[in-house]
Amino acid sequence: MTRADGSRPPSAKEWTLRLYLSEHDPDTTARVVLDTGDNLLESRAEAHRNPYDRAVPEIGDELAAGRALILLGRQLLRDAAGDIRAVGAPESAPPIPLWFPRE
């Protein structure tokens, strides 16, 4: 997703996120599209109302949107981990032992 460039000056970026909700009772679908300027990422999730529950559309919207945003966040984290591996850096430093065994 990104390229390493050690000579870049500090900058501000704006990413555009669009959230689309579609309701076909008892189901709500959310589609999230993130435009980073370099890439488009998309996730989709659903919420299903139990037919015995009272219809409250906002709840379906919140559940579907929240699930789609979580999926998008996971996708961003996976992409970042891939980028970290691609530049040859370890994803995280190995833990430092609390003590060293005596030889």
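Calculation notes
- Residues numbered from 1 in each chain as written.
- Predicted model: local features only at pLDDT ≥ 70, side-chain atom pairs only at ≥ 80, totals over all residues.
- Heavy atoms only, no water.
- Buried < 20%, exposed > 50% of the residue type's maximum accessible area, 1.4 Å probe, protein only.
- Helix = DSSP H or I, 4+ residues; strand = E, 2+ residues; numbered from the N terminus.
- Pairing = 2+ DSSP bridges.
- Axes fitted to C-alpha atoms, helices over the stretch in contact; angles between N-to-C directions.
- Contact = heavy atoms within 4.5 Å.

Kindly report on the pairing of strand β3 (residues 40-48), identifying the contributing residues and their values.
Burial of the side chains of β3 is restricted to one face: L41, S43, A45 and A47 are buried, whereas none of L40, E42, R44, E46 and H48 on the reverse face is. Here strand β2 (residues 27-35) runs beside β3; their pairing, made up of nine bridges, is antiparallel. In the strand pairing of β3, T28 is matched with A47. Linking β2 back to β3 in an antiparallel pair, the connection comprises four residues, with G37 at a positive phi of about 95°.

Can you explain unusual backbone geometry? Please cite residues and give values.
Looking along the chain, the bond that leaves D25 and enters P26 is cis, with omega of 15°. Mapped onto the fold, P26 is located in the loop between β1 (16-24) and β2.

Lay out the sheet that holds β1 in plain terms, naming residues and giving numbers.
Taken together, the three strands give an open sheet; going across it, the order is β1-β2-β3, and neighbouring strands pair in antiparallel fashion. Sheet topology places β1 and β3 at the edges, where each strand pairs with a single neighbour. Here the strands of the sheet are splayed against their neighbours by 15° on average, with no regard to which way each runs. Each of β1, β2 and β3 is contacted by helix α1 (residues 57-86), which is oriented at about 145° to β3, the strand it contacts most.

No statement about biological role is implied by the geometric values presented.
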